[in-house]
Amino acid sequence: MTAETSETSPLMAALMLFCRERAIAAAQARKELEVNELDAKAILYIATHAGARPSELAGHLRVTSAGVTTMVERLVRRGILRREADEADRRVSHIHLAVPLDEEPWSQLTRFHDAFRAVVSQLDPEVERELAAFLTHATLTARDEIDRSATGATSAA
């Protein structure tokens, strides 16, 4: 059993350590940038989906359109996001980042992932593929088991 996670499985302990350190890094970045968790998720989504419509962002974040409108307006006022009107339909807006996420202080939002990605890139490609396949299988199996439990179905395993 590891002291950090109270887990008896070394793999589970490693996964719990990863999750905890990722959460700590994300919380520190949000605190320093003075954004909440939902704001940070929106910023990271827009970073990879430049020009997304508010409805797309609302769907991704699983919030109401009114909630995303309030959040986007707040982030626009802070200079973090910007809106652009659609050229074909002026009633539609597209959301873009107004800050460079690859520069300080905004790079803090991705610092942990970037550092972890650098470590993973040093793995043997076959080892990486095998680990990825196992973790994907385990994650999806656990999710399916939870879904079955929530709907009252029993596991055939």
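For the structure itself, consult the block above.
Overview of the structure.

Reading the values: the criteria
- Residue positions are counted from 1 within each chain, in the order its sequence is given.
- Given that this is a predicted model, residues contribute local features only at a pLDDT of at least 70 and side-chain atom pairs are listed and counted only at 80 or more, while totals for whole chains, interfaces and linings are drawn from all residues.
- Excluding hydrogens and water, the side-chain values take into account all heavy atoms of the structure.
- In this description a helix means any DSSP run of H or I spanning at least four residues, a strand means any run of E spanning at least two, and both kinds are numbered starting from the N terminus.
- For every residue, the accessible area (1.4 Å probe, protein chains only) is compared with the maximum for its type, and the residue is labelled buried under 20%, exposed over 50%, or partly exposed between those bounds.
- The charged-residue count follows a simple rule in which Lys and Arg add positive charge and Asp and Glu add negative charge, with His and chain termini not counted at all.
- Where a charge sits is defined by one atom per residue type, namely NZ (Lys), CZ (Arg), CG (Asp) or CD (Glu).
- Among the buried residues, those of types Ala, Val, Leu, Ile, Met, Phe, Trp, Tyr and Cys that are joined through side-chain atoms within 4.5 Å form a nonpolar core.
- Note on definitions: a residue-residue contact is assigned when non-hydrogen atoms from the two residues lie within 4.5 Å.
- Here an axis means a line fitted to C-alpha atoms, over the contact stretch when the element is a helix, while the angle between two N-to-C directions is reported on a 0 to 180 degree scale.
- Orientation is classified from the angle alone, with under 35 degrees giving roughly parallel, over 145 giving roughly antiparallel, 65 to 115 giving roughly perpendicular, and any other angle giving oblique.
- Basically, the charged four are Asp, Glu, Lys and Arg, the nonpolar ten are Ala, Val, Leu, Ile, Met, Phe, Trp, Tyr, Cys and Pro, and anything else, Gly included, counts as polar.
- Under this definition, polar contacts are N or O atom pairs within 3.5 Å; protein pairs additionally need one hydrogen-donor-capable and one acceptor-capable atom, and for neighbouring residues in sequence, both atoms have to be side-chain atoms.
- Any carboxyl oxygen of Asp or Glu that lies within 4 Å of a side-chain nitrogen of Lys or Arg is treated as forming a salt bridge with it.

Here we take up the overall build of the protein chain. In terms of helices and strands, the protein chain carries 6 helices and 2 strands. The linear arrangement of helices and strands in the protein chain, starting from the amino end, is α-α-α-α-β-β-α-α. Along the three orthogonal principal directions, the C-alpha set of the protein chain runs to about 55 × 40 × 30 Å. Residues counted as buried form 24% of the 157 residues belonging to the protein chain. Of the side chains in the protein chain, 19 bear a positive and 24 a negative charge, and the two mean positions are spaced by 7 Å.

Counting 24 residues, the largest nonpolar core has Ile43 and Leu57 as the members making the most contacts within it. Contributions of two or more residues to this core are made by helix H1 (10-33), helix H2 (37-48), helix H3 (54-61), helix H4 (65-77) and strand S2 (93-97). It is H2 that contributes the most residues to this core, 5 residues altogether. In this structure, Ile43 is in contact with Val35, Leu75, Ile80, Leu97, Leu101, Trp106 and Leu109, ignoring residues within four places of it in sequence.

A cis amide bond links Glu104 with the next residue in sequence, Pro105, at an omega value of 0°. Tracing the chain through its elements places Pro105 in the loop between S2 and helix H5 (111-120). In the Ramachandran plot, Glu34 falls in the positive-phi region, its phi being about 55° despite a non-glycine side chain. As for its position among the elements, Glu34 is in the loop between H1 and H2.

Now for the packing of H3 against H4. With their axes 9 Å apart at the nearest point, H3 and H4 run at an angle of 110° to one another. Here H3 is positioned roughly perpendicular relative to H4, judged by the angle of their axes. Of the residues in H4, those touching H3 at Pro54, Leu57, Ala58 and Leu61 are Ser65, Val68, Met71 and Val72. Partitioning the contact of H3 with H4 into residue classes produces 7 nonpolar, 1 polar and no charged.

Attention now goes to the side chain of Ser93. Relative to the helices and strands, Ser93 resides in strand S2. In terms of polar contacts, Ser93 uses its side chain to reach the side chain of Arg83, at 2.8 Å. Ser93 has contacts with Ala52, Arg53, Pro54, Arg83, Glu84, Ala85 and Asp86, leaving out every residue within four places of it along the chain.

By the definition in use, this model includes 11 salt bridges. The closest approach of N and O atoms between Asp144 and Arg143, which form a salt bridge, is 3.7 Å. Since its relative accessible area comes to 31%, Asp144 is described here as partly exposed.

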